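Architecture and fold: a report
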Amino acid sequence: MDKSFEDQIKYKLIKDVEPLPDSYTERISTLIEQLQESKAERTIKFNIKYAAIILGLFVLGASGTNAAVHVYQQYLSSMSQTEKEQLNKKTQRLLEELDHFSRDLSKEERGKIESLRKKYENDGMFPEEKIIEIDHKDEVMKGELVYCYENSTFYLPDEELTDEDILKIIDFWERRDYAVKEKNKGERGLIKEQKISQEEAVRIAKNILQKLYKLEMENAESIVEFDPAEVSDEEAIPSYLISFTGQALSCDAIVEIDAKEGIVKRVAIDDKSKEECVSGIKVDEDRCRKCLNEIYSFLSVLGEKDYVDEIRLIYKYRKDGTLNRGNIKYLVKLNDESAYVFLYSVNTQTIYQFYEMTTYKDVLKQEKDNAKIQKQSGIMTKNKVIMK
Amino acid sequence: MTNNKHENGRNKVSEQYFVNIVQEEKDLMFRLAYNIMQNTVDAEDVVAESICKAWEKRKSLKNPDKMRNWILRIIINTAKNAVAVRNRIELVEDFPQYCDEQENKNNIWDLVSELKEKERTVIILYYYRGFSVREVSKILHIPEGTVKSRLSNARNNLKKLM
């Protein structure tokens, strides 16, 4: 991935952004005031990013205290691999990027956070014990300082926090930042692990598009991006994202190729003349079943046809019996419990996208959860096994 | 009685949580709505309507931790529905500060506005707001791979425009 171009996008989006219209700001403020009329309690949110800015300033200020900084770095680098991995994994699973405190911090406590953070970094003042980390709210021990991952909340004792308590909080932030940074470094290291060259990945991608969609790929222009980013909770799996465009093609296409094994992880095509997702199309289950042959031929090309355990048909429809987005999903369970998801467009009459998933059970659960949420908006879901 | 008290307390906390999220995300809400509506007045209406809708339904949300994503999704869906309703109706003339800049092709937002709507949305969520691919996938209810391919398409198209 072209990091400098990405940075350029981020920078320009912030730099060029128009201020919000006054009319909008006023309208939202009024609306918020109306909503707040019923409020009685307050929860405080502490912005990690803001904390990080403060940290940055202190690190700059600490440039003259090399020995202490060395102790601080040594302390963090003494974290075991397991500790770093667990902390990072739990952090990645957080639903929010903001931490919360169970009660307002007093002015004194806030002041102490700043002063003790300086001592933590510059003087090597660390807590005697680490903060207690819990996964669920129901594990909270009243009167004890704990951090709960479920809601990203520090549960505080009612009485004023001691220096040791505050150091425990600072220590948790520091160790968490360090664990995440180390993991990111590790992910960058994965680039070295790539075994498939860019040229090989393009060749695999062209081959699969030719076989599946009969596209004439010889003169297709391609843009390749290497993506070392996280793919799952467990690990980063480097892959190539190869985009094909050009007048020679009837559709744009993107193929994701695993950079370690050269496996086709995903294919998505975008018809140039028709939209894949169009609402207002009546459901035709017979047509849906006929599409199974096409799914099988795709699976055959992917070398997975003989390992199919079950195929589910999933579609979303409205009260008037029309498809919500004009597409049908086929969820294929393989006998190693992995899955393929195929998306079929009724409008273009093609499988316009498919991707591999490592755990069938998780995909199915996600589908069921989505169905519950969408039901509230009047979108119904049909989810049934059509082949076993 | 105790249960009622507890329930009451929890609701009040969630009310404040709701308000906090609206305050934190009001900028993003406007950008997302404007991105779909392409019109300031309509974007404002969409955000206001979405906030009211979310407020009314907030108790139906079983997991308050998902409130942020939920509200953002409501904004996007409300805007899309509003576009469907507005379909073929002439756009309301926009405010000058938004129109004048349309001619300035050095502004990245103008370039972004030339992308497909689904690409614009991921650009705003990922690059402007800074959500991770996983977070964007949760907000939009689409697989992470789809987010990545939309981002990839968007980047390629932006490169061509720049």
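Residues numbered from 1 in each chain as written. Chains lettered and ligands numbered in written order. Predicted model: local features only at pLDDT ≥ 70, side-chain atom pairs only at ≥ 80, totals over all residues.

We now examine the overall build of chain A. Assigned secondary structure in chain A consists of 11 helices and 14 strands. Scored against the burial criterion, the 388 residues of chain A give a buried share of 26%. Long-range contacts, defined here as pairs at least 24 residues apart, represent 61% of the contacts in chain A between residues at least 6 apart. (Helix = DSSP H or I, 4+ residues; strand = E, 2+ residues; numbered from the N terminus. Buried ≥ 20, exposed ≤ 12 C-beta atoms within 10 Å, placed from the backbone. Contact = placed C-beta atoms within 7 Å.)

All names here are of chain B. Here chain B averages 77 in pLDDT, and 75% of its residues register 70 or above. When pLDDT is averaged over each helix and strand of chain B, the minimum, 44, is found for helix H4 (residues 96-99) and the maximum, 92, for helix H6 (residues 117-128). Per-residue pLDDT stays below 50 along residues 1-13; that stretch engages in 6 contacts with residues further than four places along the chain or on separate chains. Across residues 88-103, confidence stays below pLDDT 50; counting only partners more than four residues off in sequence or on other chains, it has 16 contacts. Quick note on the complex model: pTM equals 0.45, ipTM equals 0.82. (pLDDT = per-residue confidence, 0-100.)

Moving on, we come to the packing of H6 of chain B against helix H8 (residues 144-161) of chain B. Residue and element names in this part refer to chain B. H8 packs onto H6 with a crossing angle of 100° between their chain directions and a minimal axis gap of 9 Å. Taken together, the axes of H6 and H8 lie roughly perpendicular to each other. Note on element contacts: H8 touches H6 through Val147, Arg150, Leu151, Asn153, Ala154 and Asn157, opposite Lys118, Glu119, Val122, Ile123 and Tyr126. Residue classes in the contact of H6 with H8 are distributed as 6 nonpolar, 2 polar and 3 charged. (Axes fitted to C-alpha atoms, helices over the stretch in contact; angles between N-to-C directions. Parallel < 35°, antiparallel > 145°, perpendicular 65-115°, else oblique. Nonpolar A, V, L, I, M, F, W, Y, C, P; charged D, E, K, R; others polar.)

We now examine the nonpolar core. In this structure, Ala33, Val47, Ile75 and Ile123 of chain B are the most contacted members of the largest nonpolar core, which totals 48 residues. Of all the elements in the fold, those that place two or more residues in this core are helix H2 (22-36) of chain A together with helix H1 (2-37), helix H2 (40-57), helix H3 (67-86), helix H5 (108-112), H6, helix H7 (133-140) and H8 of chain B. Ranked by residues supplied to this core, first place goes to H1 of chain B with 11 residues. Two domains each provide a minimum of three residues to this core, namely domain 1 (1-99) and domain 2 (104-162) of chain B. Excluding its chain neighbours within four sequence positions, the residues that come into contact with Ala33 of chain B are Ala43, Val46, Val47, Ile75 and Ala79 of chain B. If you look at the next biggest cluster of nonpolar residues, it comprises 46 residues, including Phe244, Val255, Ile328 and Phe342 of chain A. (Core = buried A, V, L, I, M, F, W, Y, C linked by C-beta atoms within 7 Å. Domains from an automatic or database assignment.)

Residue and element names in this part refer to chain A. Positive phi values are uncommon outside glycine, yet Lys214 reaches one of about 55°. Positionally, Lys214 belongs in the loop between helix H8 (198-213) and strand E6 (221-227). Look at Lys214 and you get exposed, because 9 C-beta atoms sit within 10 Å. Its identity as a non-glycine residue notwithstanding, Gln349 has a phi of 55°, on the positive side. Its place among the elements puts Gln349 in the loop between strand E12 (339-345) and strand E13 (350-357).

Below, the discussion takes up the packing of H7 of chain B against H8 of chain B. All names here are of chain B. At a minimum axis distance of 8 Å, the contact between H7 and H8 shows a crossing angle of 105°. Taken together, the axes of H7 and H8 are roughly perpendicular relative to one another. Facing Val133, Arg134, Val136 and Ser137 of H7, the residues of H8 in contact are Glu144, Val147 and Lys148. Residue composition of the contact of H7 with H8, grouped by class: 3 nonpolar, 1 polar and 3 charged.

When you tally the buried positions in H7 of chain B, you get 6 out of 8 residues, the bulk of the element. Just downstream of H7 of chain B, His141 of chain B is the residue with a positive phi angle, here 60°.

On to the pairing of E12 of chain A, then. Residue and element names in this part refer to chain A. Within E12, 7 of the 7 residues are buried, which leaves the element mostly enclosed by the surrounding structure. Residues of E12 alternate between two faces, with Ala339, Val341, Leu343 and Ser345 on one and Tyr340, Phe342 and Tyr344 on the opposite face, all of them buried. As defined by bridge partners, strand E11 (residues 327-334) adjoins E12 across 7 bridges and the pair is classed as antiparallel. Its bridge partner being in E12, Leu331 is matched across the sheet by Val341. If you look at the hairpin formed by E11 and E12, you'll find 4 residues sitting between the two strands, and Glu337 has a positive phi there, around 75°. Relative to E13, E12 is paired through 7 bridges, and the arrangement is antiparallel. Bridging across to E13, Tyr340 finds its partner in Glu356. (Pairing = 2+ DSSP bridges.)

Turning next to the pairing of strand E9 (residues 264-271) of chain A. All names here are of chain A. Taken across its 8 residues, E9 has 6 buried, putting it largely inside the fold. Bridge count between strand E8 (residues 251-258) and E9: 7 bridges; the pairing is antiparallel. Bridge pairing in E9 places Glu256 opposite Arg266. With antiparallel pairing between neighbouring strands as the criterion, E8 and E9 make up a hairpin whose turn holds 5 residues, including Gly262 at a positive phi of roughly 80°.

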